[in-house]
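Descriptive analysis of the structure
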Amino acid sequence: MEAPVVLVLLPSTTGARECLAIAATVGQTLGRRVQLAHVEVGPGAIILPSQEQLSEFEAEHFADRENAQTEAVRALVSDWNTEAGQNLPLDVFKGDEWRVMRHYRGHVAMVVLASPHTQPLGHRETLRAALLRTGHPVVMVPPGWAGGFGRRLSVGWADSPPLRRAITAFAPFLAEAEAVDVVAVGQDPAVLEAARGVLGPIAPSASYRVVAPDGRRTANVLLDETRAAQADGLVVGAFRRGEILNWLVPGTSSRLILESSVPLMMSA
């Protein structure tokens, strides 16, 4: 059986170069082959709850847009492969990201993708498809990211199964990082003992601290602390309250996904 790959989901050209650059680092760190995928979604992906179906004009316009986007992604990948001296293969599917992720189930070690809100309508479910449909760890790359990746890492500590899974998945990066900063927001300092127990064997020189929220949301505190530490990656657990509750009442995961200016390293 072929070894699991690092999968890069490219819904569009937006953020694609940033994802490809980080994926090259991820593949090297994990010792995994990098595979690229693009999904040309159907018009059903943008039907509103008030509509039963799209008009003929809307469907035709949408199909033209998707065809153009596919060709643009192909061209960008070809150019990037030439510039980077790579030969990364690109799979192109028709359908939707949820079904495509099932195609890769069991064959992927990690997924790299751009922030979903930056993608065209009909392509904004990539992150949830990867995290929740197939349970893969994900590196989410924010728009315009021009920094490195993995040199200095922050960890948003809140002891939960998703975070422990994220730490396990990203252990190779935590072990190689020059600095690891573990931050617990608004918690009792005693929680840091559990953090040391989990992260100590992986990153022996990691630093640990509790930060008071001072009226700020947990997501904003983590992002502020990550920027202050000049980190180029934030390790967090995602949707620990469950997907439905996060959808009804957006929590820390949803806010981090929407607002993060550094790559997020997540497991659910």
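Residues numbered from 1 in each chain as written. Predicted model: local features only at pLDDT ≥ 70, side-chain atom pairs only at ≥ 80, totals over all residues. Heavy atoms only, no water.

**Observations concerning the packing of aromatic side chains**
Short version of the rule: Pairs were defined over the aromatic rings of Phe, Tyr and Trp, the Trp ring being its six-membered one, requiring ring centres within 6.5 Å. Orientation was assigned from the angle between planes: stacked under 30 degrees, edge-to-face over 60, tilted for the rest. The helix count covers DSSP runs of H or I at least four residues long, the strand count covers runs of E at least two residues long, and both are numbered beginning at the N terminus. Residue burial is assigned from relative accessible area. The probe radius is 1.4 Å, only protein chains are included, and a residue is buried under 20% of its type maximum, exposed over 50%, and partly exposed in between.
Scanning the model with the defined rule gives three aromatic pairs in all. Seen in terms of ring centroids, Phe93 and Tyr104 are 5.8 Å apart; in terms of plane orientation they differ by 80 degrees. Their pairing is edge-to-face. Note that Phe93 is positioned in strand β3 (residues 90–95) and Tyr104 in helix α3 (residues 97–104), a separation of 11 residues in sequence. Among the residues examined, Phe93 registers a relative accessible area of 18% and is labelled buried. Each member of the aromatic cluster is reached from another via a ring pair, and the members are Phe149, Phe170 and Phe173.

**A few points about the confidence of the model for the chain**
For the record, the criterion: How sure the predictor is of each residue is captured by pLDDT, a score from 0 to 100. Only heavy atoms matter for contacts: two residues are in contact if any of them lie within 4.5 Å across the pair.
Of all residues in the chain, 89% attain a pLDDT of 70 or more, and the chain-wide mean is 90. Within the model, pLDDT remains below 50 along residues 47–52, and this stretch shows five contacts once partners closer than five positions in the same chain are excluded.

**A closer look at the packing of α3 against helix α4 (residues 126–133)**
Threshold: Fitted lines through C-alpha atoms serve as axes, helices being fitted only where they are in contact, and the angles separating the N-to-C directions of these axes extend from 0 to 180 degrees. Any angle from 65 to 115 degrees is called roughly perpendicular, while one under 35 is roughly parallel, one over 145 is roughly antiparallel, and all others are oblique. By convention the crossing between two helices is left-handed if the near helix lies anticlockwise of the far one by an angle smaller than a right angle, and right-handed if it lies clockwise. All residues other than Ala, Val, Leu, Ile, Met, Phe, Trp, Tyr, Cys, Pro, Asp, Glu, Lys and Arg, Gly among them, are scored as polar; the first ten of these are nonpolar and the last four charged.
Remark: α3 packs on α4, axes separated minimally by 9 Å, with the N-to-C direction vectors making an angle of 40 degrees. As summarised for this structure, α3 and α4 are arranged oblique, according to the angle between their axes. Relative to α4, α3 is oriented so that their crossing is right-handed. Residue-level inspection shows Glu97, Trp98, Met101 and Arg102 of α3 in contact with α4, the latter providing Thr126, Arg128, Ala129, Ala130 and Arg133. Residue composition of the contact of α3 with α4, grouped by class: four nonpolar, one polar and four charged.

**Examining unusual backbone geometry**
Positioned with a positive phi, Asp214 is a non-glycine residue whose angle comes to about 50 degrees. Relative to the elements of secondary structure, Asp214 occurs in the loop between β8 (207–211) and α8 (218–228). Accessibility expressed as a relative area gives 66% for Asp214, which makes it exposed. The backbone phi angle of Gln230 is positive, close to 55 degrees, even though this residue is not glycine. Position of Gln230 relative to the elements: it lies in the loop between α8 and β9 (234–237). Overall, the relative accessible area of 60% leaves Gln230 in the exposed class.

**Considering α8**
Among all positions in α8, only Ala219, Val221, Leu222, Leu223, Glu225 and Thr226 are buried. Packing partners of the buried residues in α8 comprise β6 (152–156), β7 (179–185), β8, β9 and α10 (252–259). Residue Gln230 follows α8 closely and has a positive phi angle near 55 degrees.

**Some points on the pattern of salt bridges**
For side chains bearing opposite charge, pairing can occur when the charged atoms are close. Here is the rule we go by: A pair is scored as a salt bridge if a Lys or Arg side-chain nitrogen falls within 4 Å of a carboxyl oxygen belonging to Asp or Glu.
Taken as a whole and judged by the stated rule, the model has 14 salt bridges. Between Arg65 and Glu66 there is a salt bridge, and its shortest N-O distance comes to 2.7 Å. One salt bridge in this structure joins Glu125 and Arg128, with 2.3 Å as the shortest N-O distance. Under the relative-accessibility criterion, Glu125 is labelled partly exposed at 29%.

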